[in-house]
Amino acid sequence: MISFADWRHQNMIVEDQLLLWNQASLNIVDVRRIELPIGGQPHIFELVESTLLYTTQGRARLLLEGEERLLENGYVFHAGTGAVLTVTDITQTLSCYWVQYTAALPQPCSQDLLDLLERAKPFERQYGFVSNHAAPLSATLSRMELLKERPGALAKLQLKSLFYQFMCELMDQLQRRRLQQVSPDTVLHAAKYMDANYAAPITVDTLAALLECSSRTMQRMFKKRLGLGPMDYLLQVRMVKAKALLSRTNAGLKDIAEAVGYADSYYFSRLFKRCTGMSPSTYREWMRQSGEDESGATAVPAKKDLLNTALRRSLRTIIHLKGELPLTRLPGRIAVLDPQFTDHMLALGEQPAGSVTVSGDLNGFPEYLIGSLRGVQTLGTKNEPDLETLQALAPDLILCTEFQKNIYESLTQIAPTIMLKRNHDWKETLRIIGRIVGKEMEAEQILQRYKLKIGRVKSVLAAKLHGQSVTVIRPRDNDIRLHTSAHRTAAILYGDLGLRPPKQAVHRQCTSSMIPLEGLPELDADHYFVLTDSRFDSWSDEVQKTATWKSLRAVQQEHVYPAQTSMWIAYYGPLAMNRVVDQVAEVFLNAK
C-alpha cells in the first residue's frame, strides 16, 4: 500500500523526477552482475552511492528498514546513499545487475529546482516493482555491463546514454503502473489526511472529493470500519491536539481554537467540554496543578479520576501501520515485541504481560529496568520472538513494529495486533501507548517533566562546552558505526540538548554510516560516546588497543565515555532517554 499523497500525486512525482533527471550531472560508478547462492547467511549491503538493483533470475527476500520485498525475475529496485539492504531466504540462486551512480544538479541552479529536488528526491527515493516489460531493461543493462569495461571517453558517454535510456524506460513503466500500484484503504487514508490537516476547513464532501468517492460512501465506510463518522473522527483528533496546546503552551483560547480548526472560540469551548467533561480553562488549570512541582506534590486523586474518565471516553480507535483497531475496553494483558515498548509501559506505571529482549543483553533485560519488572514473561528476542510462548500467554493485545511485518498475520491469529513505526519519535509513541492503556494524562506529565529537564540541561551544556563537537560511535563488525544526527537517539543529543555533531555525523536522512578504524582521525570529534554490548566487546577492546585509537585527540584528553548499547539504542522510551540525558549531563557537568 502506498501513502495517500503518493496515491493522489504519483503521476506528478514521476514528472518531477523526469525534470530533475534532465538537469542532473551524472557519474556511473559501477555496473556489475552479482550472484548469491541458495541459503547461507543473510547478505548485507550498505549503499555508498545511489543504487539500482535488477533481478534476472532467482528468488529471495529483500529487507530495508523493516520493509520486506520479494526479489524475483524482472524485479527492479532503487535506493539512495546510506540505505542498508539485507538479502535473505535465497531459495533459488539469485542473479542481479547492480548499478551504482552519483547524480547532482549542476551549480548554480534556480531555487525552484533546488526546492523540487528536496521534494522529489529522485536520487534517494526508494521504490521497487516487478517490470511488465523486462526485455528492454535487461538488454540495456547487459550493454552497460560490457561498456563499463571499455576505456575511453566515448565508452563513458555511451554508458551514460544507456543509463538515461534505462531510466526513461523505468519512469515510463512507473507512469503506466501507477493505477495498478494503488490499493488505497479509503478510511485509513482519510484518517491520515485529517491527522495531518486537522486545522483545515475539512468536510465530508472535501474528503470524498480528495478520495474520489461519494459523500454517502465515505460516511458508510467510516461507520463500518470505525463505528463513527468522519466528522466525529476529525473532532476527536482536534480535541487531542487542543489538549496538547492547553497543557503545553500559554496560548489564548482564541488562538488555540483557530490552531485546531475553529474560527469561533465559544463554539470550540462547547465542543471541548462535551468531549472531555470540562471547559478548556478548567482543563488547563488541572494540568498545571497535576504536574509535579519542585516539592514533588501531585494532583488530588479525585480530579485525576475525573479527568481519566473523561479521557477514556475520547479517542479509542488506534490508527497504526496495518490499518486501525477499535478498542472496546482497556487491554489487561499486553505483549510487546519491541523492547522500547516495555520502557514506555513501565514509565506509565503499566506491566507488560510479556516482552522480547535484546540479543546483546546477557541478563535478559537491562539493569535499569529489572527492578521495575514483575512477572513479565520473556518472549524470545526482537529478532526471533517465541510465538509458542506468546500464544500460551494469551494476551489481550500485541504491540509490534514493522520489524515483525513478515509474521504479522500469525500475530493477529493470536490476539489483536497494533504495528507501530519502530523509529517513530518516542514522545509520540508514548502518547499512542498512553491512549491504548487509558493514561493520556500520565503521558503528558512525563513529557512535561522531560521538557523541563531538557531546558535546564541544554543551557548549562551550552555554557560548558562552547561549541565542542560530540559524537556517538559503536564498534561492530570490524568497523565503526557512526550514528548521525538523523539517528533517533543521537538526535536527542543534537536536537534536544543542542550539542554540536562533527561534520561527518550531519545527515538529514541516513541514520548511520560505517567508517573503517583508519577513518576515525578524519572524524576528529572533541568527545566520543562509545556504545558497547556483549556481542562486540572483543572488537571494541581491540579497537582501543590500536595506535590509531590512541592517537585520537579525544582519547589523549580522556574525552571518551562508555555507554550501554541496549539503553541508548534498543530501549528507546522515556525511562531510557531520560537516563541518556542524565548520563550526558553528568559526563560534561563533572568534566574538568
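Bear in mind that the values here come from a model prediction, so they are computed numbers and not experimental data.

Right, let's talk about the overall build of the protein for a bit. Each helix and strand in the protein was counted, giving 25 helices and 19 strands. The buried share among the 592 residues of the protein stands at 50%. In the protein, the share of contacts with a sequence separation of at least 24, taken over all contacts with a separation of at least 6, comes to 70%. As displayed, the protein has an accessible area near 28,000 Å², and 50% of this comes from carbon and sulfur atoms.

Our next topic: the sheet that holds strand S14 (residues 417–420). The strand order S12-S11-S10-S13-S14 describes an open sheet built from five strands, whose pairing is parallel. Looking along the sheet, the strands with just one partner apiece sit at the ends: strand S12 (377–381) and S14. In this sheet, adjacent strand axes meet at a mean angle of 20 degrees when their direction is disregarded. Relative to strand S11 (residues 354–357), strand S10 (residues 334–336) is paired through two bridges, and the arrangement is parallel. Its bridge partner lying in S11, valine 336 is registered against serine 355. The strands touched by helix H17 (residues 426–436) within the sheet are S10, strand S13 (397–401) and S14, with S14 carrying the most contacts at an inclination of about 165 degrees.

This next bit is on the packing of aromatic side chains. By the definition in use, this model includes 16 aromatic pairs. Judged by centre distance (5.9 Å) and plane angle (70 degrees), the rings of tyrosine 262 and tyrosine 267 are edge-to-face. An aromatic cluster is defined as three or more aromatic residues linked by ring pairs; in this entry it consists of Tyr262, Tyr267, Phe268, Phe272 and Tyr283. Positioned above the aromatic ring of phenylalanine 403, the side-chain terminus of lysine 382 is 3.8 Å from the ring centre.

A separate point is the packing of H17 against helix H18 (residues 440–465). The contact between H17 and H18 brings their axes to 7 Å, and the two run at 160 degrees. With respect to each other, H17 and H18 are oriented roughly antiparallel. Across the interface between the two elements, Trp426, Lys427, Leu430, Arg431, Gly434 and Arg435 of H17 pack against Glu440, Ala443, Glu444, Ile446, Leu447 and Tyr450 of H18.

Let's shift gears to the packing of helix H8 (residues 230–248) against H18. Orientation of H8 relative to H18, taken along the N-to-C sense of each, is 40 degrees, at an axis distance of 11 Å. What the angle tells us is that H8 and H18 run oblique. In this structure, the crossing between H8 and H18 has a hand that is right-handed. Note on element contacts: H18 touches H8 through Glu440, Glu444, Gln448 and Lys451, opposite Val240, Ser247 and Arg248.

For the rest of this paragraph, the subject is the sheet that holds strand S17 (residues 512–515). Across the sheet, five strands lie side by side as S17-S16-S15-S18-S19; this open sheet has mixed pairing. Both edges of this open sheet fall to S17 and strand S19 (560–564), since each of them pairs with a single strand only. The sheet shows a mean angle of 30 degrees between the axes of neighbouring strands, taken without regard to direction. In this structure, strand S16 (residues 479–483) lies alongside S17, joined through four bridges in antiparallel fashion. The residue bridging isoleucine 480 from the neighbouring strand is isoleucine 515, located in S17.

Right, let's talk about the confidence of the model for the protein for a bit. Interpreting fine coordinate detail is not advised for predicted regions of low pLDDT. Per-residue confidence for the protein averages 82 on the pLDDT scale, and 87% of its residues sit at or above 70. The secondary-structure element of the protein with the lowest mean pLDDT is helix H12 (residues 301–312), recorded at 41, while S10 shows the highest, at 96. Taken as a whole, residues 1–12 scores under 50 in pLDDT and shows 26 contacts with residues more than four places along the chain or in a different chain.

With that settled, consider unusual backbone geometry. Even without being a glycine, aspartate 89 presents a positive backbone phi close to 50 degrees. Mapped onto the secondary structure, aspartate 89 falls in strand S6 (residues 84–104). Look at histidine 466: it is not a glycine, yet its phi comes out positive at around 55 degrees. Here histidine 466 lies in the loop between H18 and strand S15 (470–476).

On to the side chain of serine 469, then. Within the element layout of this structure, serine 469 appears in the loop between H18 and S15. A relative accessible area of 2% means that serine 469 is categorised as buried. In contact with serine 469, other than residues within four places in its own chain, are Arg500, Pro501, Pro502, Asp524, Ala525, Asp526 and His527.

What follows covers the pattern of salt bridges. Per the counting criterion, the structure on display carries 17 salt bridges. In this structure, the salt-bridge partner of aspartate 89 is arginine 61, at a minimum N-O distance of 2.5 Å. Within this pair, whereas aspartate 89 is found in strand S6, its partner arginine 61 is found in strand S3 (residues 50–64), the two being separated by 28 residues in sequence. One salt bridge in this structure joins aspartate 425 and lysine 427, with 3.6 Å as the shortest N-O distance. One salt-bridge network, held together by shared partners, links Arg248, Glu428, Arg431 and Glu444.

On to the environment of proline 122, then. Tracing the backbone through its elements, the reader meets proline 122 in the loop between helix H2 (111–120) and strand S7 (127–130). Excluding anything up to four places from it in sequence, proline 122 contacts Gln17, Leu20, Trp21, His78, Tyr101 and Leu117.

Considering the arrangement of structural elements, one finds tyrosine 368 in helix H14 (residues 367–370). Taking the C-alpha atoms as reference points, tyrosine 368 and aspartate 343, 25 residues apart in sequence, are found 9.9 Å from one another. A polar contact is formed between the side chain of tyrosine 368 and the side chain of aspartate 343, at a distance of 2.6 Å.

Summarising the element assignment, leucine 114 is placed in helix H2. By relative accessible area, leucine 114 is classed as partly exposed at 29%. Sequence separation of leucine 114 and leucine 20 is 94 residues, and the distance between their C-alpha atoms is 9.5 Å.

Here we take up the side chain of aspartate 526. When you line up the elements, aspartate 526 lands in the loop between helix H20 (520–523) and strand S18 (527–532). Judged by its relative accessible area of 13%, aspartate 526 is buried. A polar side-chain atom of aspartate 526 sits 2.7 Å from the main-chain amide nitrogen of serine 469. At 2.7 Å, the side chain of aspartate 526 and the side chain of arginine 553 are in polar contact. Setting aside residues up to four positions removed in sequence, aspartate 526 forms contacts with Gln468, Ser469, Arg500, Arg553, Ala554 and His559.

What counts, and at which threshold
- Residues numbered from 1 in each chain as written.
- Predicted model: local features only at pLDDT ≥ 70, side-chain atom pairs only at ≥ 80, totals over all residues.
- Heavy atoms only, no water.
- Helix = DSSP H or I, 4+ residues; strand = E, 2+ residues; numbered from the N terminus.
- Buried < 20%, exposed > 50% of the residue type's maximum accessible area, 1.4 Å probe, protein only.
- Contact = heavy atoms within 4.5 Å.
- Areas by Shrake-Rupley, 256 points an atom, 1.4 Å probe, with all protein chains shown as cover.
- Pairing = 2+ DSSP bridges.
- Axes fitted to C-alpha atoms, helices over the stretch in contact; angles between N-to-C directions.
- Phe/Tyr/Trp six-rings, centres within 6.5 Å; stacked < 30°, edge-to-face > 60°.
- Lys NZ or Arg CZ within 6 Å of the ring centre and 35° of its normal.
- Parallel < 35°, antiparallel > 145°, perpendicular 65-115°, else oblique.
- Left-handed = near helix turned anticlockwise from the far one by under 90°.
- pLDDT = per-residue confidence, 0-100.
- Salt bridge = Lys/Arg side-chain N within 4 Å of Asp/Glu carboxyl O.
- Polar contact = N/O pair within 3.5 Å; in protein donor to acceptor, adjacent residues only side chain to side chain.

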